[in-house]
Amino acid sequence: MKQLLPLLLLAVPALADPPDIVAIEAVRQGDDWRVSVTLLHPDTGWEHYADGWRVEAEDGTVLGTRVLVHPHESEQPFTRALSGVSIPEGTTRIFIRARCLVDGWNEDRIAYDLP
């Protein structure tokens, strides 16, 4: 058992669930955009919750970040919006990346084709 303990400790991060992006909507508002994102995450309270998402250009440039300041244990999935996102003219696709307080930014991001 003593030999298994280090292996068990290494496995713990693999059990964490990153926030899932289940819906994205973007609406032009004048020169800027309003981006709404629906997340699903097994929030457990103030110690572990989905704490944000961001809009990225294809090259990874961050165009806007929506900070989530509290857990949503009883509201899953949940949608939050970010207004005033400046997306460069001619851009046809953006990417959304979610974040969790414990695990940080997801490696994966979701593509969204602008209307």
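Here the residue numbering is sequential within each chain, running from 1 through the sequence in written order. Given that the model is predicted, a residue must reach a pLDDT of at least 70 before its local features are reported, and side-chain atom pairs must reach 80 or more before they are shown or counted; all residues, however, enter totals for whole chains, interfaces and linings. Here the side-chain values reflect all heavy atoms present in the structure, with hydrogen atoms and water set aside.

Asker: For this particular structure, what's the right way to read the overall build of the chain?
Answerer: Within the chain one finds 1 helix and 8 strands. Helices and strands appear in the chain in the N-to-C order α-β-β-β-β-β-β-β-β. Burial classes follow relative accessibility: with a 1.4 Å probe on protein chains only, a residue under 20% of its type's maximum area counts as buried, one over 50% as exposed, and anything between as partly exposed. For the chain, with 115 residues in total, the buried portion stands at 37%. In the chain, of all internal contacts separated by at least 6 residues, the share reaching a separation of at least 24 is 54%. Accessible areas in this description were obtained via Shrake-Rupley with a 1.4 Å probe; residue shielding takes into account the shown protein chains only. Here the chain has roughly 7,100 Å² of accessible surface; of this, 55% comes from carbon and sulfur atoms. Put simply, DSSP H or I for four residues or longer makes a helix, DSSP E for two residues or longer makes a strand, and each gets a number counted from the N terminus. Throughout, a residue-residue contact means that at least one pair of heavy atoms, one from each residue, lies within 4.5 Å.

Asker: Is there a simple way to explain the sheet that holds strand 5 (residues 78–85) in this structure?
Answerer: Sheet strands pair via backbone hydrogen bonds, and the direction of the pair is either parallel or antiparallel. Strands qualify as paired when DSSP identifies two bridges or more between them. A sheet is described by the order of its strands in space; here 3 strands give the open sequence 1-2-5, paired in antiparallel fashion. Whereas interior strands pair on both sides, the edge strands pair on one side only; in this sheet they are strand 1 (20–29) and strand 5. Each strand of the sheet is rotated relative to its neighbour by a mean of 15°, with strand direction disregarded. Of the strand pairs in this sheet, strand 2 (residues 32–40) and strand 5 are connected by 6 bridges, and their pairing is antiparallel. Note that in strand 5 the partner of Ser36 across the bridge is Ala81. Interaxial angle, 0 to 180 degrees, is taken between N-to-C directions of lines fitted to C-alpha atoms, where a helix line uses only the stretch in contact.

Asker: Looking at this structure, I do not really get the nonpolar core. What am I missing?
Answerer: The criterion is simple. A nonpolar core is a set of buried Ala, Val, Leu, Ile, Met, Phe, Trp, Tyr and Cys residues joined through side-chain atoms within 4.5 Å. Formed by 22 residues in total, the largest nonpolar core has its most connected members in Val35, Leu39, Trp53, Val55, Val85, Ile94 and Ile96. Secondary-structure elements contributing two or more residues to this core are strand 1, strand 2, strand 3 (50–56), strand 5 and strand 6 (93–100). With 4 residues, strand 2 is the single largest residue contributor to this core.

Asker: Help me understand the confidence of the model for the chain, please; the structure alone is not making it clear to me.
Answerer: Close inspection of predicted coordinates is inappropriate in any region flagged by low pLDDT. For every residue, the predictor assigns a confidence score, pLDDT, that lies between 0 and 100. Within the chain, residue pLDDT values average 87, and 86% of them lie at 70 or more. Note that pLDDT drops below 50 for residues 4–15; the model gives that stretch 1 contact with residues more than four away or on any other chain.

Asker: Explain the environment of Thr61 to me, please; I cannot follow it from the model alone.
Answerer: Tracing the chain through its elements places Thr61 in the loop between strand 3 and strand 4 (62–67). Under the relative-accessibility criterion, Thr61 is labelled partly exposed at 39%. Between the alpha carbons of Thr61 and Phe95 there is a distance of 9.9 Å; along the sequence they are 34 residues apart. Filtering out sequence-adjacent residues up to four positions away, Thr61 remains in contact with Val55 and Glu56. A polar contact is formed between the side chain of Thr61 and the side chain of Asp59, at a distance of 2.7 Å. As used in this structure description, the phrase polar contact means that two N or O atoms lie within 3.5 Å; if the pair is within protein, one of them must be able to donate a hydrogen and the other to accept it, and residues adjacent in sequence are counted only when both atoms belong to side chains.

Asker: How should the packing of aromatic side chains be read in this particular structure?
Answerer: Ring pairs (aromatic) are described by centroid distance and by the angle formed between their planes. Side-chain rings of Phe, Tyr and Trp (the six-membered ring for Trp) are treated as a pair once their centres are within 6.5 Å; stacked means planes under 30 degrees apart, edge-to-face means over 60, and tilted covers the remaining angles. Inspection of the entire model under this criterion finds 1 aromatic pair. The cationic tip of Arg54 hangs over the ring face of Trp105; the distance from NZ or CZ to the ring centre is 4.1 Å. Here, a charge over a ring is recorded when the distance from Lys NZ or Arg CZ to the ring centre is within 6 Å and its angle to the ring normal is within 35 degrees. Here the basic side chain of Arg109 rests over the ring of Phe95, its NZ or CZ set 3.8 Å away from the ring centre.

Asker: Looking at this model, I keep getting lost on the pattern of salt bridges. Mind explaining?
Answerer: Pairs may arise between side chains of opposite charge once their charged atoms sit close together. Salt bridge, as used here: a side-chain nitrogen of Lys or Arg that lies within 4 Å of a carboxyl oxygen of Asp or Glu. The full count for this structure, using the stated rule, is 6 salt bridges. Glu56 serves as the salt-bridge partner of Arg54, at 2.8 Å between the closest nitrogen and oxygen. This pair shows no difference in class: Arg54 is buried, exactly as Glu56 is. Residues joined in a network through salt bridges with shared partners are Arg54, Glu56, Arg97 and Arg109.

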